[in-house]
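# Commentary on secondary and tertiary structure
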Amino acid sequence: MGKQAILFDMDGVLFDSMPLHAKCWVEACRKFGLNATEQDTYMNEGRTALSTIDIFTREQWGRAVRPEEVDEIYAEKCRLFNLCPEAPKMPGAEQVLQRVRDAGLRIAVVTGSGQGTLLQRLETNYRGFFRPELIVSSRDCQRGKPNPDPYLLGLQRVGVSADAALVVENAPLGVMAAHAAGIFTIAVNTGPLPDSALMDAGADVLFPSMSALAANIDSLLG
Ligand code: CA
């Protein structure tokens, strides 16, 4: 059936922000005595901050993380991130957005991020494409990716069933979440992980970049 809506992940899809996130996660965790590598960041990409830090504390401290610890570590991570140069828009993303808008699709964002600066930049950097009520962030969902909840909420917000929607994701856990929600999932491999990490997570099709997706998006709207 013809597609009526498309749900975009944000980091690594709309913004080329993952290298900065990875660097800042490593640094913030180190300040609080937790070891995290950039690879850990890419493998956990899409999880909420709480869920990510909880994995590290269970592994390294043998216990669940406390809410006040999450607040402190995440605040430090966001502080470091905001000191970095602004993450560029992902090349090709605006062309994808223009094509799907021309095709009449409803557009939403479904992100595990709660990073206010990036959420605001969606509206200033991609003017006219996103409505605030069609942005699902970590603030809207208790159970984040890889659970399907964020994408199910995204479907609800755009008012479209799973079989009439598409998802664009760059991370294995994000692909798992979208696949579990029953949505055709387009993976774009904009990071350092092998393609197999995205295909094994349940991606229906994979492109090496948003520019490559822009060149092929029409064939996926059928
Ligand atoms: Ca992402």
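Residues numbered from 1 in each chain as written. Predicted model: local features only at pLDDT ≥ 70, side-chain atom pairs only at ≥ 80, totals over all residues. Heavy atoms only, no water.

## Brief notes about the coordination of the calcium ion
- Bound to the calcium ion on the protein side are D9 (OD), D11 (O), E45 (OE) and N170 (OD1), at distances that span 2.1 to 2.3 Å.
- The class for D11 is buried, based on a relative accessible area of 8%.
- Since its relative accessible area comes to 6%, N170 is described here as buried. (Donors = N, O, S within 2.8 Å, 3.2 Å for Na, K, Ca; no water. Buried < 20%, exposed > 50% of the residue type's maximum accessible area, 1.4 Å probe, protein only.)

## Observations regarding the packing of helix α1 (residues 18-31) against helix α4 (residues 67-83)
- Orientation of α1 relative to α4, taken along the N-to-C sense of each, is 135 degrees, at an axis distance of 8 Å. As far as their axial angle goes, α4 and α1 are oblique. Judged by the sense of rotation from one axis to the other, the crossing of α1 with α4 is right-handed. Facing α1, whose interface residues are L20, H21, C24, W25, E27, A28 and K31, α4 presents I73, Y74, E76, K77, R79, L80 and F81.
- The residue makeup of the contact of α1 with α4, split by class, is 8 nonpolar, 1 polar and 5 charged. (Axes fitted to C-alpha atoms, helices over the stretch in contact; angles between N-to-C directions. Helix = DSSP H or I, 4+ residues; strand = E, 2+ residues; numbered from the N terminus. Parallel < 35°, antiparallel > 145°, perpendicular 65-115°, else oblique. Left-handed = near helix turned anticlockwise from the far one by under 90°. Contact = heavy atoms within 4.5 Å. Nonpolar A, V, L, I, M, F, W, Y, C, P; charged D, E, K, R; others polar.)

## Some remarks on the pairing of strand β4 (residues 165-169)
- Counting buried residues in β4 gives 5 out of 5 residues, a clear majority hidden from the surface.
- Pairing geometry for strand β1 (residues 5-8) and β4, over 4 bridges, is parallel. Its bridge partner lying in β4, I6 is registered against L166.
- Relative to strand β5 (residues 184-188), β4 runs parallel, the two sharing 4 bridges. (Pairing = 2+ DSSP bridges.)

## Some words on the packing of aromatic side chains
- Under the criterion given, the structure shown has 3 aromatic pairs.
- Ring geometry for Y126 versus F130: centroids 6.1 Å apart, planes at 85 degrees, classification edge-to-face. Residue Y126 shares its accessibility class with F130, and that shared class is buried.
- Each residue in the set F15, Y126 and F130 is aromatic and connected to the rest through ring pairs, giving one cluster.
- Looking at K77, its charged tip hangs above the ring of F81, at a distance of 5.1 Å from the centre.
- Against the face of Y126 rests K89, its NZ or CZ located 4.6 Å from the ring centre. (Phe/Tyr/Trp six-rings, centres within 6.5 Å; stacked < 30°, edge-to-face > 60°. Lys NZ or Arg CZ within 6 Å of the ring centre and 35° of its normal.)

## Details of the nonpolar core
- F8, L14, F130, M210 and L213 are the most contacted members of the largest nonpolar core, which has 53 residues in total.
- Setting aside chain neighbours within four positions, we find L213 in contact with V96, V168, I186, V188, F207 and L220.
- Ranked by size, the runner-up nonpolar core spans 20 residues in total, among them V110, V136, L153 and A165. (Core = buried A, V, L, I, M, F, W, Y, C linked by side-chain atoms within 4.5 Å.)

## Regarding the sheet that holds β5
- Pairing within the open sheet is parallel, and its 6 strands lie in the order β3-β2-β1-β4-β5-β6. Edge strands, defined here as strands with exactly one partner in the open sheet, are β3 (135-136) and β6 (205-207).
- In terms of strand pairing, β5 meets β6 through 3 bridges, oriented parallel. Along β6, the bridge assignment pairs V188 with F207.
- Lying over the sheet, helix α5 (residues 93-102) contacts β1 and β2 (106-110), oriented at roughly 160 degrees with respect to β1.
- On top of the sheet, helix α8 (residues 172-180) reaches β4 and β5; it is set at about 165 degrees to β5, its chief contact.

## Comments concerning the pattern of salt bridges
- Here the structure, examined in full by the defined rule, presents 14 salt bridges.
- Here R63 and E69 are joined by a salt bridge, their closest N and O atoms 2.7 Å apart.
- A salt bridge links E69 to R66; its shortest N-O distance comes to 3.6 Å.
- Ionic contacts of the salt-bridge type, sharing partners, join the residues D9, K145 and E169 into one network. (Salt bridge = Lys/Arg side-chain N within 4 Å of Asp/Glu carboxyl O.)

## Side note on the state of the cysteines
- One pass over the full model with this rule turns up 0 disulfides.
- In this structure C84 is a free cysteine whose sulfur lies 3.7 Å from that of C24, the closest cysteine sulfur available.
- Among the cysteines around C141, which has no disulfide bond, C78 carries the closest sulfur, lying 18 Å off. (Disulfide = S-S within 2.5 Å.)

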